[in-house]
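# Remarks on the overall topology
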Amino acid sequence: MHLFRLNYIHAAATVLVAAVCVFTSCSDSDQVVKSNVDRAKIPSLRALDVHTVISDSGVTRYRMNAEEWYIFDRAEDPYWDFPKGIHLEKFTPDLKVDAELRSKYAIYYDKKRFWELHDSVHAKNLNGEQFECKSLFWDELKELVYSEDTITIKQANKTIVGKGFTSNQSLTKYEIRNVMGVFPVSD
């Protein structure tokens, strides 16, 4: 009789557990979780400690280093964000460094092929000239680099300071607007 009572209690408990599971899992109203997240504002890719080479048609064009790289390809104007800065080297067809750019913050608009470099921008051309400014813009399609900020250009024998600057993308043919000073450098 003891055994019958235990089996009866076990069977009743099993039926009760099964009924609870069935009734809690079957519901007349499906629950839909709505999200207020704008997917265009969420990166589709996050990469850390990036060291990469970028090629075009099998030819190495750039080397890029960045601590953080976010790609927002769902944005209306897709872009890459480099919140901790970037170091970018552009190569000639014979793989010499044609130009070098470094900044503490950068953003690249993929479809426009347009760079914005901000905060302690440093650039160097093939001739060894060094460029320093707060912000620099690079339009790859127009092959143009420019800034409206104060720019300092260090050459072998002089330093030029001006406000406003336009150059080819190799930083070899440039025009400085509003020159504030040319300072000779002694050995």
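Overview of the structure. (Residues numbered from 1 in each chain as written. Predicted model: local features only at pLDDT ≥ 70, side-chain atom pairs only at ≥ 80, totals over all residues. Heavy atoms only, no water.)

If you walk through the whole model with that rule in mind, you get nine salt bridges. Its salt-bridge partner being Arg63, residue Glu89 comes within 2.5 Å of it at the nearest N-O pair. Separated by 26 residues along the polypeptide, Glu89 in strand S4 (residues 86–91) and Arg63 in strand S2 (residues 59–72) bring together distant segments of the chain. Under the relative-accessibility criterion, Glu89 is labelled buried at 11%. Among the ionic pairs, Asp98 bridges to Lys90, the shortest N-O distance being 3.1 Å. Exposure class is identical for Asp98 and Lys90. Each is buried. (Salt bridge = Lys/Arg side-chain N within 4 Å of Asp/Glu carboxyl O. Helix = DSSP H or I, 4+ residues; strand = E, 2+ residues; numbered from the N terminus. Buried < 20%, exposed > 50% of the residue type's maximum accessible area, 1.4 Å probe, protein only.)

Turning next to the packing of aromatic side chains. Summed over all chains, the structure comprises 14 aromatic pairs. Ring plane angle 40 degrees and centroid distance 4.5 Å describe the contact between Tyr108 and Trp115, whose orientation is recorded as tilted. For Tyr108, a relative accessible area of 7% corresponds to the buried category. Among the aromatic side chains, those forming a connected cluster through ring pairs are Tyr62, Trp69, Trp80, Phe82, Tyr108, Trp115 and Trp138. (Phe/Tyr/Trp six-rings, centres within 6.5 Å; stacked < 30°, edge-to-face > 60°.)

This next bit is on the environment of Lys104. Looking at the element boundaries, Lys104 is found in the loop between strand S5 (97–103) and strand S6 (105–109). Between the C-alpha atom of Lys104 and that of Lys134, which follows or precedes it by 30 residues, the distance is 9.9 Å. Every residue in contact with Lys104, bar those within four places of it in the chain, is listed here: Phe82, Pro83, Lys84, Gly85, His118, Asp119 and Ser120. (Contact = heavy atoms within 4.5 Å.)

Our next topic: the pairing of strand S7 (residues 114–125). Of the pairings in the sheet, the one linking S5 to S7 comprises four bridges and is antiparallel in character. Bridged to Glu100 within S7 is Lys124. Pairing of S6 with S7, which is carried by five bridges, proceeds in the antiparallel orientation. Looking at S7, one finds that Ala106 is bridged to Leu117. Here S6 folds back onto S7, and the loop between the two strands holds four residues, one of which, Arg113, carries a positive phi near 55 degrees. Inspection of the sheet shows S7 paired to strand S8 (residues 130–139) by nine bridges, in the antiparallel sense. Counted as the bridge partner of Lys124 is Gln130 from S8. Turn length for the S7-S8 hairpin, with the two strands adjacent in sequence and antiparallel, is four residues, and the turn residue Gly128 shows positive phi of about 90 degrees. (Pairing = 2+ DSSP bridges.)

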